[in-house]
Amino acid sequence: MDSLAGCCALSLSISLWVCITAAHSHNCNNHLVSGLPQSAFCSSSVLSSSHSPGFAKLNRRDGAGGWSPRDSDKYQWLQIDLGERTEITAVASQGRYGSSDWVTSYVLMFSDTERNWKQYRQEDNTWAFPGNSNADSVVHHKLQYSIRARFLRFAPLKWNPTGRIGMRVEVYGCSYKSDMADFDGRSSLLYRFNQKSMSTVKDMISLKFKTLQSDGVVLHGEGQRGDYITLELKKGKLSLQINLGDAKLRSVDGHTSVILGSLLDDQHWHSITIERYNKQVNFTVDKHTQHFRTKGEFDYLDIDYELSFGGIPVPGKSVTFLRKNFHGCIENLYYNGVNIIDLAKRRKPQIHIVGNVTFTCSEPRIVPVTFMTSSSYLLLPGKPQLDGLSVSFQFRSWNKDGLLLYNEFHEASGVLQIYLNKGKLKINVHKLSWNQADITTGDNLNDGLWHSINLNARRNRVSIILDNNAASTFHSTIQMQIYSGSRYYFGGCPENATVVDCSNPFGTFEGCMRLILIDNQAVDLILVQQGLQGNFSDLHIDICDIQDRCLPNYCEHGGECSQSWSTFYCDCAGTGYTGETCHSSLYEKSCEAYRHKGRMSDFFSIDPDGSGSLEPLLVYCNMTEDKTWTVTQHNNTELTKVQGSSSGKPHLVHLSYTANSDQLQAMINNMDYCEQEVSYHCRKSRLLNTPGGTPMTWWIGRTNEKQTYWGGSSPGIQKCACGLEESCLDTKYHCNCDADRDEWANDTGLLSYKDHLPLTQLVIGDTNRTDSEAAYRLGPLRCNGDINFWNAASFNTKSSYLHFPTFRGELSADISFFFKTTVSSGVFLENLGIKDFIRIELNSPVEVLFSLDVGNGPFAVVVESASPLNDNQWHYVKAERNIKAASLRVDHLPQVAQEAPTDGHIHLQLNSQLFVEVSAIFEVGTSLIYNFQESYGLAKNLSAHLSAIYMDRTISTENTAFSFRTTHAPSILLYVDSYHEEYLAVILLQDGNLQVRYRLDKDKDPDIFSLDNGNLADGHLHTVKIDREGPRVHVEVDYFHARSYKLSSVSDTAFNGLKSLVLGKIVDTGNLDQEIVNANVQGFVGCLSSVQFNWIAPLKEGLRHFSSAPVTVKGDLIESDCRSSVMTEPVAMTTTLSFTDDSKPTEEERPLQNAFRSDSAVIGGVIAIVIFVILCIFAITGHLLYRNKGNYQNNEPKRTEYAESTDTALKNHANYQDSVCESRKEYFI
């Protein structure tokens, strides 16, 4: 194709036009393309000479105003040669000037050599950059991480459907310098120390490397006492091995080995950092870091003489074995601040060069090809009628099955099939209906590594060599003469191929191939790419786009990860968890939950933190009493005698429970009440040595603090139960045993302060006197209740709310709750980010909807019920989201799941508060004014000094979101003004289209962004999000229609001196633009919902009507439900937040029983929130409770007989709840 002329031949002639101006730039954001000559550009094709790639410079109008290819399809690309390796930090795109040709999304690829390209990725997935929506606007993208390359390619994915591909681009960055060394597999660099041995407690090693080899030693050092450090490539992964000390002289083996990285033999640059301090090591490969501690007893690494890079050159060392040296390039190699390659280049004496080390990187020109889909194939021509055939190639894949090669012999005399079957290589040679040869070899060939196949057939003999291993050579004799055919199909067959031409019953190969030879002639895949040889479908030529989807491992709780080409799988067997990523626990959170599922007393595994990081623990659930008791045993529950102990040499008792301390703490935190009986039997053995003496016996709980109170007493009171009751054998003492009588007595009671339980150590110190003896008995830990189970909250009005922090389940999380209601629809919970969101709602009386967006566009999971869910009965909802899928379950209905895109965003990024929707109807003239000055705690009658301070308050970022329903246009939806005559206005025009108006400079006209989304005044509910960061404004309507804009003035993008936010009619109309005046005639008539401006919820503040709220309401503001198809009747404007008391619900009020006993068992009534937001709500709430431990200690109701009355205790407990609510950050559910 003539369009490629000059693209590959320019690499030497343009080596001098580097981005010189960027050499000393610290910001690394210089323009890299605008100064390049046209010869630096090339492309897959051109429409005409005036559409050539040299015209593809941003904001230029040369030629036809940009680049356009001859054909608009997915195989086109625009390439730029930057002259040398350059650091690239951002890109920008435009359409072709004055045309209907622009690209709406594209992929960015980079390379050092014009071969073996690599796609820019984010979140370990291919990053498709959003492009343009017209020909002239510029869309910038700052790269999440910078890339270093000489060549860039922009590969269009989508373009204007009414036009064709058209691009103008710019690249931003700065020059990049490095010290580089090339190792040929037999060479190395030795860094020799100034002294005989180097002993370090701290090490820092960093480097970058690229190689085609899957094995090789990168660095090695060792000492005579057994210390060593080795970094080695093994099967495309990096193995770091460290030993601090001589294992031969010590009983503890100090060898530590960690493996990290994958597919590192791809001839692309990979970065390594090793940081060690004492035994703590941070090992980083690219973006993945593993933290670990070395084994053994020592902290110092003692290396003798030298440290070698690139291999182990001297045979005979203690750690020398048959290992390959590294073959490839290394750059920027630093060892404890020393630039090793720079020393080698300058021939410094500290460096000894072994073999042939050069200081430029030799680049093998290997062209890989990727078979992407089930319709991929590569057709290559062969020489027919040759006596025999010869084919060789390399492949890598994660798939167990797939056709590798199909060839029909000359004159249809037979066929050759090479394919993968269950990870094994199979070769079939057959004629007509019978097999002549059937060879099977190899195993686990779907391991992602490169494997080579070499097949030769001459006369009636077939030979196959796998991975160049002579031991894997197989021969077969057939009863036919083989004459080569003219067509070689690799990877698959065309959809229209006949059975004779190409047949594939084995499945399409998905993976990469390279180094294809047919009849001992290398195939030039670039000619195939240019359409000059062979044919293909759905291939990526000159790139191997394989990914290791198990790095990082998204299988939770120890699940084993495996993968295919397009996805990964988690084996959850033996983990105690289930689901796509082993996220959901197989076990209930408490014995209470088992009881309400109808289970009887028995041993059960419970999982107190649900899908959190803690493993389940085995407990005994005693369900024979009114209360359900959770019993956790330890190793010393028998009555045990003690003699001969003193305060100087006490008797120590260590308790070991059937669960670790973290598991016990999680369980206890979930319980209403816990207790542990302790009993001390004494004869002339004092216990607490009361009154006023130093305790002879004390105990330690999970806080690891010394406790000097005994069972039946309380923290801080050095007494036993009889001391509190004033019933001790001798009333001068506070414990029976403290009377020190020569007769047996005992002090027995219950320890019930949860923060101190369980008891972990007991120290006994007074049994060494004559006739002194004692015995103790420590009971099991017993707990009852479940604070997550009986925690119903009533929502008596539609403006009622609960507070929770931002949902933090970025990769996986689950939410579950019970609800019952009589209304037909409503939002259970919602959390928003700048673009992402998550929402669970009752969409209709028979439909629950779980919707979310993690950056790939909104998608939803819906469960439909045959019976109404608004029947005022309890219903159970559980939603889960992970990077593979989102799922929803309602009651006993089948779980519904929706798979996530294979290659897309995976992190759910939210920043707003989690809340239940707040809605209100605005009538003609209704106005809600939120005064920012009062929200900062300033008095209404501001002093001049405070006013001046407030007027200087500026913001450069706004996140605005709201929903609305109306049939009136024009309307004013939202208006924010300032003391400096700046404003943001969102209005509906006369035709119902949305318009956003910004004025951030009172001396300039406003920026007006009109969205042509059709008539939004159609009586339906619409959602609007407006996000501004500096000059960039992003507007999204109904989660689908998104537009990006740029303010005209980029010098001043601050919103200065915020004054007020207005919903409805604007009262102060002194400086309004005419368009806003027109929209403000009636203000807004309709329903507004879920209004947010940054962290402010003005509508909620207005409906709460607290006297301290910085809100003024004029006219009628009526609570409503915007989701209802008909506006609801007005209700009393009151807000109630009520919690159930501590008593148990009646039988008909128990949600679990009704949920499991009845199919008819559902926002406005009551939501029983048993929220398992394991990565978020549960963990953070527990953290808040832990932080407020001081409040709890002061307010927890005492459970001993002398405590205050039950009413007083409950009152104190309620006060504690209030104090927590007031002290934590406000959020909504």
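Conventions we followed
- Residues numbered from 1 in each chain as written.
- Predicted model: local features only at pLDDT ≥ 70, side-chain atom pairs only at ≥ 80, totals over all residues.
- Heavy atoms only, no water.
- Helix = DSSP H or I, 4+ residues; strand = E, 2+ residues; numbered from the N terminus.
- Areas by Shrake-Rupley, 256 points an atom, 1.4 Å probe, with all protein chains shown as cover.
- Buried < 20%, exposed > 50% of the residue type's maximum accessible area, 1.4 Å probe, protein only.
- Lys, Arg positive; Asp, Glu negative; His and termini not counted.
- Salt bridge = Lys/Arg side-chain N within 4 Å of Asp/Glu carboxyl O.
- Contact = heavy atoms within 4.5 Å.
- Pairing = 2+ DSSP bridges.
- Axes fitted to C-alpha atoms, helices over the stretch in contact; angles between N-to-C directions.
- Disulfide = S-S within 2.5 Å.
- Polar contact = N/O pair within 3.5 Å; in protein donor to acceptor, adjacent residues only side chain to side chain.
- Core = buried A, V, L, I, M, F, W, Y, C linked by side-chain atoms within 4.5 Å.
- Phe/Tyr/Trp six-rings, centres within 6.5 Å; stacked < 30°, edge-to-face > 60°.
- Lys NZ or Arg CZ within 6 Å of the ring centre and 35° of its normal.
- pLDDT = per-residue confidence, 0-100.

### Focus: the overall build of the protein
In step 1: When helices and strands are tallied, the protein shows 13 helices and 83 strands.
In step 2: For the protein, the accessible area works out to roughly 52000 Å², and carbon and sulfur atoms hold 48% of it.

### Observations concerning the side chain of aspartate 977
In step 1: With respect to the element layout, aspartate 977 can be found in strand β70 (residues 971-978).
In step 2: No salt bridge is formed by the buried aspartate 977, whose closest oppositely charged neighbour, lysine 1059, lies at an N-O distance of 4.6 Å.
In step 3: Excluding anything up to four places from it in sequence, aspartate 977 contacts Glu982, Tyr983, Phe1055, Leu1058, Lys1059 and Ser1060.

### Describing the pattern of salt bridges
In step 1: A complete count under the given rule lists 37 salt bridges for this structure.
In step 2: Of the charged contacts, one joins aspartate 1068 and lysine 1059 as a salt bridge, the two residues approaching to 3.8 Å between their closest N and O atoms.
In step 3: According to the relative accessible area criterion, lysine 1059 is partly exposed, its value standing at 29%.
In step 4: What you see here is one network of salt bridges that share partners, running through Arg85, Asp112, Lys210, Glu331 and Glu363.

### Some thoughts on the sheet that holds strand β67 (residues 927-931)
Two modes of strand pairing occur in sheets, parallel and antiparallel, and in both the strands are linked by backbone hydrogen bonds.
In step 1: Pairing is antiparallel in the open sheet, where seven strands are placed in the order β73-β72-β71-β70-β78-β67-β80. In the strand order of this sheet, the two ends are held by β73 (1007-1011) and β80 (1111-1114), each with one partner. Within this sheet the neighbouring strands show an average axis-to-axis angle of 10°, counted without direction.

### Structural notes on the state of the cysteines
In step 1: All told, the structure shown has twelve disulfides when counted by the stated rule.
In step 2: With its sulfur 2.1 Å from that of its partner, cysteine 674 forms a disulfide with cysteine 783. The S-S bond linking cysteine 674 to cysteine 783 shows a torsion near 110°; that makes this disulfide right-handed. In this pair, cysteine 674 sits in strand β50 (residues 673-683) while cysteine 783 sits in strand β56 (residues 781-784), placing the two residues 109 residues apart along the sequence.

### Section: the environment of tyrosine 998
In step 1: Structurally, tyrosine 998 is set in strand β72 (residues 994-999).
In step 2: Along the sequence, tyrosine 998 and serine 1048 sit 50 residues apart, while their C-alpha atoms lie 10.0 Å from each other.
In step 3: If we skip the residues at most four places from it in the chain, tyrosine 998 touches Glu958, Tyr983, Leu984, Pro1006, Asp1007, Phe1009, Ile1026, Arg1028, Val1033 and Leu1047.
In step 4: Reaching out from tyrosine 998, the side chain makes a polar contact with the side chain of glutamate 958 at a distance of 2.5 Å.

### Digging into the side chain of glutamate 958
In step 1: Following the sequence through the fold, glutamate 958 ends up in strand β69 (residues 957-965).
In step 2: Overall, glutamate 958 belongs to the buried group, its relative accessible area being 0%.
In step 3: Within the structure, glutamate 958 has its side chain in polar contact with the side chain of arginine 1028 (distance 2.4 Å).
In step 4: Among residues more than four places away in sequence, those in contact with glutamate 958 are Tyr998, Ile1026, Asp1027, Arg1028, Phe1055, Phe1093 and Asn1094.

### Topic: helix α4 (residues 661-670)
In step 1: Buried within α4 are the following residues: Gln663, Leu664, Ala666, Met667, Ile668 and Asn670.
In step 2: Sitting at the amino-terminal end of α4 is asparagine 660, which places a side-chain oxygen 3.1 Å from the backbone nitrogen of aspartate 662.

### Some thoughts on the nonpolar core
In step 1: Residues Leu378, Phe393, Leu404 and Phe490 are the most contacted members of the largest nonpolar core, which totals 43 residues.
In step 2: In this structure, leucine 404 is in contact with Phe393, Phe395, Ile418, Tyr419, Leu420, Leu425, Ile453, Tyr489, Phe490, Gly491, Phe509 and Met513, ignoring residues within four places of it in sequence.

### A look at the sheet that holds strand β12 (residues 188-200)
In step 1: As summarised here, the arrangement of the seven strands in space is β17-β16-β15-β14-β21-β12-β24, forming an open sheet in which the pairing is antiparallel. Looking at which strands have only one partner, the edges of the open sheet turn out to be β17 (255-260) and β24 (351-354). Across the sheet, the mean angle separating the axes of adjacent strands is 20° when strand polarity is ignored.
In step 2: Note that β12 and strand β21 (residues 301-309) share eight bridges and pair antiparallel. Counted as the bridge partner of serine 199 is aspartate 302 from β21.

### Focus on the packing of aromatic side chains
In step 1: Enumeration according to the criterion identifies 30 aromatic pairs in this entry.
In step 2: Judged by centre distance (6.1 Å) and plane angle (75°), the ring pair of phenylalanine 922 and phenylalanine 1084 falls under edge-to-face. With phenylalanine 922 in strand β66 (residues 919-922) and phenylalanine 1084 in the loop between α8 (1074-1079) and β79 (1086-1093), this pair connects stretches of sequence that are 162 residues apart. An identical accessibility class is assigned to phenylalanine 922 and phenylalanine 1084; each is buried.
In step 3: Over the aromatic face of tryptophan 77 sits the side chain of arginine 153, whose NZ or CZ is 3.6 Å from the ring centroid.
In step 4: Looking at lysine 706, its charged tip hangs above the ring of tryptophan 698, at a distance of 4.1 Å from the centre.

### A short note on unusual backbone geometry
Most peptide bonds take the trans configuration, and most residues that are not glycine carry a negative phi.
In step 1: In this structure, proline 552 follows leucine 551 across a cis peptide bond, with omega equal to -5°.
In step 2: With respect to the element layout, proline 552 can be found in the loop between β40 (539-541) and β41 (560-563).
In step 3: Cis geometry marks the peptide bond from leucine 757 to proline 758, where omega comes out at 5°.
In step 4: Tracing the sequence through the fold places proline 758 in the loop between β53 (745-751) and β54 (761-764).

### Some points on the pairing of strand β15 (residues 228-234)
In step 1: Judged by how many residues are buried, β15 sits mostly within the fold: six of seven residues are covered.
In step 2: In this structure, strand β14 (residues 216-222) lies alongside β15, joined through six bridges in antiparallel fashion. Across the sheet, glycine 221 pairs through a bridge with isoleucine 229, a residue of β15.
In step 3: Hairpin connection between β14 and β15: a loop of five residues separates the two successive antiparallel strands, and glycine 226 in this loop has a positive phi of roughly 105°.

### Some words on the environment of methionine 667
In step 1: Relative to the helices and strands, methionine 667 is located in helix α4.
In step 2: Its relative accessible area of 1% is what places methionine 667 among the buried residues.
In step 3: As a C-alpha pair, methionine 667 and aspartate 786 span 119 residues in sequence and 9.2 Å in three-dimensional space.
In step 4: Apart from the residues lying within four places of it in its own chain, the contact partners of methionine 667 are Ile606, Pro608, Leu617, Val619, Thr630, Thr632, Leu781 and Cys783.

### What to know about the environment of lysine 754
In step 1: Positionally, lysine 754 belongs in the loop between β53 and β54.
In step 2: Along the primary structure lysine 754 and arginine 702 are separated by 52 residues, whereas in three dimensions their C-alpha atoms are 9.7 Å apart.
In step 3: Separated by 3.3 Å, the side chain of lysine 754 and the backbone oxygen of isoleucine 668 make a polar contact.
In step 4: One polar contact links the side chain of lysine 754 to the main-chain carbonyl oxygen of methionine 671, over a distance of 2.4 Å.

### Thoughts on the confidence of the model for the protein
In step 1: Residues with a pLDDT of 70 or more make up 82% of the protein, whose mean pLDDT is 83.
In step 2: With pLDDT under 50 throughout, residues 316-320 is counted as low confidence; its partners more than four residues away or in other chains account for ten contacts.
In step 3: Overall, residues 1125-1229 carries pLDDT values under 50, and its contacts beyond four positions in sequence, including any with other chains, amount to 250 contacts.

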